[in-house]
Amino acid sequence: MATLPAKPDMKDRILETADRLFYLQGIRAIGVDTIAAEIGISKRTLYNHFPSKDALISAYLARRFVAPRPSEKSPVEQILGTFDSLERRFSAKDFRGCPFVNAVAELGEDRSVRKVAIAFKESRRLWFRDLLIKLGVAQAEALATQLALLVDGSIAQDLVRNDPAMARAAKEAATVLLRNAGVKVGGSASKKPRPSSTV
């Protein structure tokens, strides 16, 4: 007899709910009362798992701090695939930008929030740098920064314009940067990504 998947425990339920509401509606706009009511628990139960809203915010950002998955694709495919992934995410109705940028925009005076946002952005830049080093790029540090800027710039443009094609434009710019750095990029680099249900 097949066993049913285990229900998430209360701490996970609280965090999942906080994650969704913080991301879609804003951290300042959502209080612990709203999160507790959404789950159908008391504030006291919530505070048993997260002693303060600050603790819940920290857990939310830690949950969003996910390392890129290992890939069998070539470094060039991984770099340019970043922009394909962005285009798919931009097409999602619930896309609200980078949660770390959003958190700093709302809570920039909180040093712990700014610290985790910087750490996240730097981890992504270093991911680009390590792939560029594998490609033998001489100025890997500088080019990694430029690629990271293209990612953040395309996110900002999509939020303003509501146009997923901004990711494609950023991919084209990334292709130019890679070629200028001496990296061989195949002719498929500028092709539109295949439709995908993943976000």
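Here is what the cut-offs are and how they apply
- Residues numbered from 1 in each chain as written.
- Predicted model: local features only at pLDDT ≥ 70, side-chain atom pairs only at ≥ 80, totals over all residues.
- Heavy atoms only, no water.
- Axes fitted to C-alpha atoms, helices over the stretch in contact; angles between N-to-C directions.
- Helix = DSSP H or I, 4+ residues; strand = E, 2+ residues; numbered from the N terminus.
- Parallel < 35°, antiparallel > 145°, perpendicular 65-115°, else oblique.
- Left-handed = near helix turned anticlockwise from the far one by under 90°.
- Contact = heavy atoms within 4.5 Å.
- Nonpolar A, V, L, I, M, F, W, Y, C, P; charged D, E, K, R; others polar.
- Buried < 20%, exposed > 50% of the residue type's maximum accessible area, 1.4 Å probe, protein only.
- Core = buried A, V, L, I, M, F, W, Y, C linked by side-chain atoms within 4.5 Å.
- Salt bridge = Lys/Arg side-chain N within 4 Å of Asp/Glu carboxyl O.
- Phe/Tyr/Trp six-rings, centres within 6.5 Å; stacked < 30°, edge-to-face > 60°.

(A) Structural view of the packing of helix α7 (residues 111–134) against helix α8 (residues 140–161). For the pair α7 and α8, interaxial distance at closest approach is 8 Å and the crossing angle is 130°. Accordingly, the angle class assigned to the pair α7 and α8 is oblique. The chirality of how α7 crosses α8 is right-handed. Contacts from K121, R125, F128, R129, L132 and I133 in α7 reach A140, E141, L143, A144, T145, L147, A148, V151 and D152 in α8.

(B) Inspection of the packing of helix α5 (residues 75–90) against α8 at higher detail. Interaxial distance between α5 and α8 falls to 11 Å at its minimum, and their mutual angle equals 15°. Between α5 and α8, the angle is such that the two are roughly parallel. Of the two possible hands of crossing, α5 and α8 adopt the one that is right-handed. Contact with α5, carried on its side by I79, T82, F83, L86 and F90, involves L147, L150, V151, S154, I155 and D158 of α8 and no other residues of that element. A class-by-class count of the residues in the contact of α5 with α8 yields 8 nonpolar, 2 polar and 1 charged.

(C) Main features of the environment of I30. With respect to the secondary-structure elements, I30 resides in the loop between α1 (10–25) and α2 (32–39). Classification of I30 as buried rests on a relative accessible area of 2%. When the C-alpha positions of I30 and K53 are compared, they lie 9.8 Å apart, and in sequence the two are 23 residues distant. Excluding its chain neighbours within four sequence positions, the residues that come into contact with I30 are L21, F22, Q25, I35 and K53.

(D) Here's a closer look at the nonpolar core. Judged by nonpolar contacts, the single largest core of 51 residues is most densely connected at I14, F22, I35, L56, L132, L147 and L178. Secondary-structure elements contributing two or more residues to this core are α1, α2, α4 (53–64), α5, α6 (99–107), α7, α8 and α9 (165–180). In terms of residue count, α8 provides more of this core than any other element does, 7 residues in total. Here L178 is in contact with I79, L80, L132, L143, V183 and V185, once residues within four sequence places are set aside.

(E) The arrangement of the pattern of salt bridges in detail. Within the structure shown, the criterion is met by 12 salt bridges. Here E122 makes a salt bridge to R125, at a shortest N to O gap of 2.9 Å. Residue E122 and its partner R125 are both found in helix α7; the two are separated by 3 residues, about one turn of the helix. One continuous salt-bridge network, built from bridges that share partners, spans E122, R125, R129, D130 and E141.

(F) Layout of the packing of aromatic side chains. All told, the structure shown has 6 aromatic pairs when counted by the stated rule. Between F22 and Y60, the ring centres sit 5.4 Å apart and the planes meet at 70°, which makes this aromatic pair edge-to-face. Taken together, the residues span a long stretch of sequence, with F22 in helix α1 and Y60 in helix α4 at a distance of 38 residues. The class for F22 is buried, based on a relative accessible area of 2%.

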